[in-house]
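# Observations on the model geometry
So you can see what is in the structure, the chains are spelled out below.
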Amino acid sequence: MKIYYYTFGCKVNQYETENLRQKLASQGFETADDPSGADICIINTCTVTSRSDSKFKQLLNRIKRIAPDSIVVVTGCFAQAFPEKASELKGCHIVTGTSKQDIPLLIQEYLTSRKKIISIGQHQKGESFQPMENKPSEAKTRAYIKIQDGCDQYCSYCIIPYARGHIRSKPVDELKKEVQGLARGGYKEVVLTGINLCCYGKDFCDGTRLVDAVETACGVQGIERVRLSSMEPEMLLDEDIERMSRLEKLCPQFHLSLQSGCDKTLKKMNRKYTCAQYKELCTKLRRAFNDCVITTDIMVGFAGETDEDFERTVEFVKEIGFEKVHIFPYSVRKGTAAEKFDQQLPNRIKEQRAQHLGNVCSRIRRDFLVSNIGKRVKVLFEKEKGDGFHRGYTMNYTPVVVKQAQDRSWRWQTKTVTITGVEGDHCIAQED
């Protein structure tokens, strides 16, 4: 039987889908590239915004239209956060939450009974990190490793703590084993990811911290790069920064979720830092790491955000000089504290602010790319599209394209190149 997989949302979801695909492949299930040719369709949902929900439902309707006889499995954050809505979805045969370990068994059960299965368990305080280890795959050149799950921050706009449960972490010895396996499979770069990555180790109650996981991954022979995914800015201690700065394999790219450059809005969001504290952390990181790049997420149009509040965010973005920014309009999530806030803004205002801030960030991004011209950099090459050009990323995640047609592949290779120009959202380079 063939299975079509579709993943919405973050790198954690992508990691979990790949783990599920590998398990089902070991049981003889093949992977389908399109739902029309699939016997089973598995949709791993995200519910961080209402737009995520809409995209999921659009895909579900498309699958029902083009593959009416396929078995549909819905799993992930939408089902966990809104179990009643998920259970009532038409055309779904198996519905589970964020715990995906039992999906292979549930598929076998459905194939036998042909009766709809709803299996959404509740997260419990003190639950353990689900054992999960991905194997090397030739389809990828960068491996993601989920080392943390859950969040206890409860930002006023966010549904994720309800979907993902309390914080829990992957034991260090299991992390080391997985990284070693990926290294043996030829991977040169791994990305440590989690729902609230900086909370790694907090549940162990023995002083283990994220920096311990980073040092473990960096210590594995064969791995050239270790990268960190999104982090909460208030949880990086000076000691952590000092220890990480000694790790040559750690990529100097830090995605520090900001959300707003206005203290009043941050407080209303229940974020745990001020703009001054955030700026101080950026300064420390740029001082500790050469060629440091700082990227972020910003939400515009939060409930009660005035024009003056928004302008403070714009000016703060200019002040920090983020190398890249992900901008998204605020959307009300049912079940969060912010759902009940007054002064909800119309979508028109949110879209206008997103466009304005996007234009500002695009100019800053362009200036950053141009500033790389003339630099000699090491690039790990990944993507090839059959056009003879080689595509990859530097240590600080600057995208680079070498416009020299070659007969041989550069994929999985690290080469030193000189950046000569900028085209679109990437740098152009030539081999030394």
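Residues numbered from 1 in each chain as written. Predicted model: local features only at pLDDT ≥ 70, side-chain atom pairs only at ≥ 80, totals over all residues. Heavy atoms only, no water.

## Points about the nonpolar core
Generally speaking, nonpolar side chains in soluble globular proteins are found buried as a group. The test is simple: We define a nonpolar core as any set of buried Ala, Val, Leu, Ile, Met, Phe, Trp, Tyr and Cys residues linked to one another through side-chain atoms lying within 4.5 Å. Three exposure classes are used, based on accessible area relative to the maximum for each residue type with a 1.4 Å probe and protein chains only: buried under 20%, partly exposed in between, and exposed over 50%. Strands are runs of DSSP state E lasting at least two residues, helices are runs of H or I lasting at least four, and both sets are numbered from the N terminus onward. Here, residues are in contact when the closest pair of their heavy atoms is within 4.5 Å.
Ranked by internal contacts, the top residues of the largest apolar core, which has 60 residues, are Leu192, Leu228 and Leu256. With six residues, the top contributor of residues to this core is helix 8 (residues 210-218). The residues contacting Leu192, other than those within four sequence positions of it, are Ile145, Ile147, Leu175, Leu197, Ala213, Val214, Ala217, Val226, Arg227, Leu228 and Ser229. Counting 35 residues, the second largest nonpolar core, distinct from the first, contains Phe8, Phe56, Phe78 and Phe328.

## Section: the sheet that holds strand 9 (residues 189-194)
Pairing between the strands of a sheet is mediated by backbone hydrogen bonds and can be parallel or antiparallel. We apply this condition: When DSSP finds at least two bridges between two strands, those strands are taken to pair.
Spatially, four strands are ordered 8-7-9-10 in an open sheet, and the strand pairing comes out mixed. In this open sheet, the two edge strands, each paired with only one partner strand, are strand 8 (168-169) and strand 10 (225-228). Alignment of strand 9 against strand 10, held across four bridges, turns out to be parallel. Bridge pairing links Val190 to Val226 in strand 10.

## Some words on the side chain of Gln148
Mapping Gln148 onto the fold places it in strand 7 (residues 142-149). Among residues more than four places away in sequence, those in contact with Gln148 are Phe129, Ile167, Arg168, Ser169, Thr193, Gly194, Ile195, Asn196, Leu197, Cys199 and Tyr200.

## As for the sheet that holds strand 14 (residues 376-383)
The condition that has to hold: To obtain each axis, a line is fitted to C-alpha atoms, and for helices this fit is confined to the stretch in contact; angles are then taken between N-to-C directions over 0 to 180 degrees.
Taken together, the five strands give a closed barrel; going around it, the order is 14-15-16-18-17, and neighbouring strands pair in mixed fashion. Put simply, the sheet's adjacent strands are angled 55° from each other on average, direction ignored.

## Overview of the packing of helix 12 (residues 307-320) against helix 13 (residues 347-371)
Put simply, the rule reads: With respect to orientation, any angle under 35 degrees is reported as roughly parallel, any angle over 145 as roughly antiparallel, any angle of 65 to 115 as roughly perpendicular, and every other angle as oblique. Crossings are sorted by hand: turned counterclockwise from the far helix by less than a right angle, the near helix makes the crossing left-handed, and turned clockwise it makes it right-handed. Classification convention: Asp, Glu, Lys, Arg as charged; Ala, Val, Leu, Ile, Met, Phe, Trp, Tyr, Cys, Pro as nonpolar; all other residues, Gly among them, as polar.
Relative to each other, helix 12 and helix 13 sit at 15°, their axes nearing to 10 Å. Classified by the angle their axes make, helix 12 and helix 13 are roughly parallel. Like other packed secondary-structure pairs, helix 12 and helix 13 cross with a definite hand, here right-handed. Residue-level contacts link Asp307, Phe310, Glu311, Val314, Val317 and Lys318 of helix 12 to Arg353, His356, Leu357, Val360, Cys361 and Ile364 of helix 13. Across the contact of helix 12 with helix 13, the residue classes break down as seven nonpolar, one polar and four charged.

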